[in-house]
Amino acid sequence: MRLTFRPSLRAIAWLCGLVFGLVPVAPALSQGAMSFTNECTGRSASSCFIVAEGDVESDTGERFRQFLRDEIIDGNRVLLSSPGGSLWGGLELGRAIREAGMETEIGRFLLDADSFDGRIERDATCASACAYAFLGGTVRQVHAGARLGFHQFYIDPARLPAMVAGSEVSGAMADAQAMSSEIIAFLLDMNVDPRVFVLGTTAGPNEMLYPDAATLARHDIVTPGGFEPFFLEPFGNGVVAASRRQGPARLYDTATQVTALCRSGAPLVLLSAGGDLAYLSGGSMALDGGNALPIPRDRLRQRGGAAEIALSRQQADALAQAQEAELSVGRGMASGGDIVARLQLDAMDRAMLAAAFRLCI
C-alpha cells in the first residue's frame with residue numbers, strides 16, 4: 001500500500017519551498033509555470049509528443065491531466081525541459097504521466113522556419129522536481145546532450161527563523177521523514193531503483209547531480225533498449241536460439257523476441273511482435289553496418305504471433321558470424337509498423353545461432 005502523506009500548510013510551505021526547493025541558482029533560470037503543447041517532427045504518430053516546458057508547480061499534474069482531456073493527442077511521449085519547482089507537483093506529474101501510459105524524454109522543441117514541423121534539441125535539462133516527473137514514463141530515455149538532475153533535501157538556516165518557530169522544528173523534521181517515505185514509495189510505484197533517492201543526497205544544497213549513462217542504467221532510471229543475449233532451448237531433435245527484448249514494446253517498435261532455428265534443413269528466423277501480421281510486404285537483413293539485403297515476400301510467412309523469415313544457407317552462415325545485425329519485416333503503419341530487431345552479437349551469441357541453424361528440430 002502506498003503511503004499517503006498530507007503535511008500541514010506550514011510544513012508544505014517550509015519543506016517544499018525550502019527543503020526541496022530549487023537550488024539557489026535556479027530562480028534565475030525560471031521559465032514560468034509549465035505549459036503543454038502537442039507537437040510533431042514528421043507525419044506519423046511516432047514523431048509526435050507533448051512538449052512540457054517550465055517550472056513545476058503544485059497543480060502541474062492536474063493541469064497535465066486536464067490537457068489530455070481537452071486535446072486530441074498524437075503520439076505517446078512527453079518531452080521535458082524544466083529547472084524544477086514543487087516536489088509535490090513533480091510527483092503528481094509523474095503519476096499522471098504513468099496513468100496515461102506515456103514515455104518520457106528530455107529535450108527542447110524548436111519550430112522549423114522552413115516547414116510546418118520542427119526539431120528536437122537535446123541540450124536540455126530536467127532537474128529537481130522535474131526529475132521525479134520524468135520517472136513516471138513507461139519508457140524513459142536520456143539521450144546524449146540531455147541532463148537529468150537530482151539534489152538533496154536542504155534547509156536554509158538564514159531563512160528558517162522567519163518561516164518556522166524553533167519549537168516546531170521537531171515536527172517539521174518528522175514531516176521531512178514522512179516526505180522521504182513518500183518519495184521512496186513513488187520510486188517503487190514507478191519500478192525505479194529506490195537508491196535513486198540516495199543519489200540525490202550526494203549533491204549538496206548548491207549542487208546538482210547529473211548521473212552518467214552507466215548510473216542511469218544501473219538504477220533503472222532509463223529503460224534498457226535492444227535485446228538480451230541469446231539462450232538455447234532443446235526442441236524436438238534439435239535446438240532453438242532466442243533473444244528477448246529488453247524493456248517494453250513501443251509505438252511502431254513492436255518486436256519482442258528473435259528466434260533462430262532450423263526446420264526440415266531450412267534455417268529460419270522468427271520475429272515475434274504484436275499487431276496484425278497478416279500482410280507482410282517483404283523484409284531485409286543488414287550485417288555489420290553493410291547495405292540492407294532484401295528478403296522477398298515469398299520468403300516470409302506468419303507463424304502464430306511471429307513473422308517467419310526463411311534464410312538461405314549463405315545468409316544464415318553470415319548472420320552467425322556477424323557482430324551486428326538488423327532484421328526487418330515490412331508491415332503497414334496501420335498494422336503496427338515495420339517489425340525491426342537490432343542485435344549486438346558476441347561470440348556466445350554467434351555460437352548459439354550457428355548451433356540453432358545446424359541442429360534442426
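The coordinates are above.
Not measured: the values here are computed from a predicted model.

Draft legend 1. Broad picture of the layout of surface pockets. Size it by volume and the largest pocket reaches roughly 590 Å³. As for the largest pocket, its lining consists of 29 residues, and the residues nearest its centre are Q141, G225, R245, R250 and D253. Its residues assigned to classes, the lining of the largest pocket shows 14 nonpolar, 9 polar and 6 charged.

Draft legend 2. How the structure looks around the packing of helix α2 (residues 60-70) against helix α3 (residues 87-99). It is at 7 Å that the axes of α2 and α3 come closest, and there the two elements cross at 25°. Compared by their axis directions, α2 and α3 come out roughly parallel. Contact with α2, carried on its side by T60, G61, F64 and R65, involves G89, E92, L93, R95, A96, I97 and E99 of α3 and no other residues of that element. Grouping the constituent residues of the contact of α2 with α3 by class yields 4 nonpolar, 3 polar and 4 charged.

Draft legend 3. Inspection of the pattern of salt bridges at higher detail. Counting across every chain of the model gives 17 salt bridges. Residue R65 pairs with E99 through a salt bridge whose shortest N-O separation is 2.9 Å. In this pair, R65 is assigned in helix α2 and E99 in helix α3, connecting sequence segments 34 residues apart. Note that E92 and R95 form a salt bridge whose closest N and O atoms lie 3.4 Å from each other. Placement of the pair is E92 and R95 together in helix α3, with a separation of 3 residues, close to one helical turn. For R95, a relative accessible area of 11% gives the class buried. Connected through salt bridges with shared partners, the residues E62, R65, R69, E92, R95, E99 and E182 form a single ionic network.

Here is what the cut-offs are and how they apply
- Residues numbered from 1 in each chain as written.
- Predicted model: local features only at pLDDT ≥ 70, side-chain atom pairs only at ≥ 80, totals over all residues.
- Heavy atoms only, no water.
- 1 Å grid on protein atoms, 1.4 Å probe; cavity = no way out; pocket = protein on both sides within 12 Å on 5 of 7 lines; lining within 4 Å.
- Points joined across faces, edges and corners; volume = space filled by probe spheres on them.
- Nonpolar A, V, L, I, M, F, W, Y, C, P; charged D, E, K, R; others polar.
- Axes fitted to C-alpha atoms, helices over the stretch in contact; angles between N-to-C directions.
- Helix = DSSP H or I, 4+ residues; strand = E, 2+ residues; numbered from the N terminus.
- Parallel < 35°, antiparallel > 145°, perpendicular 65-115°, else oblique.
- Contact = heavy atoms within 4.5 Å.
- Salt bridge = Lys/Arg side-chain N within 4 Å of Asp/Glu carboxyl O.
- Buried < 20%, exposed > 50% of the residue type's maximum accessible area, 1.4 Å probe, protein only.

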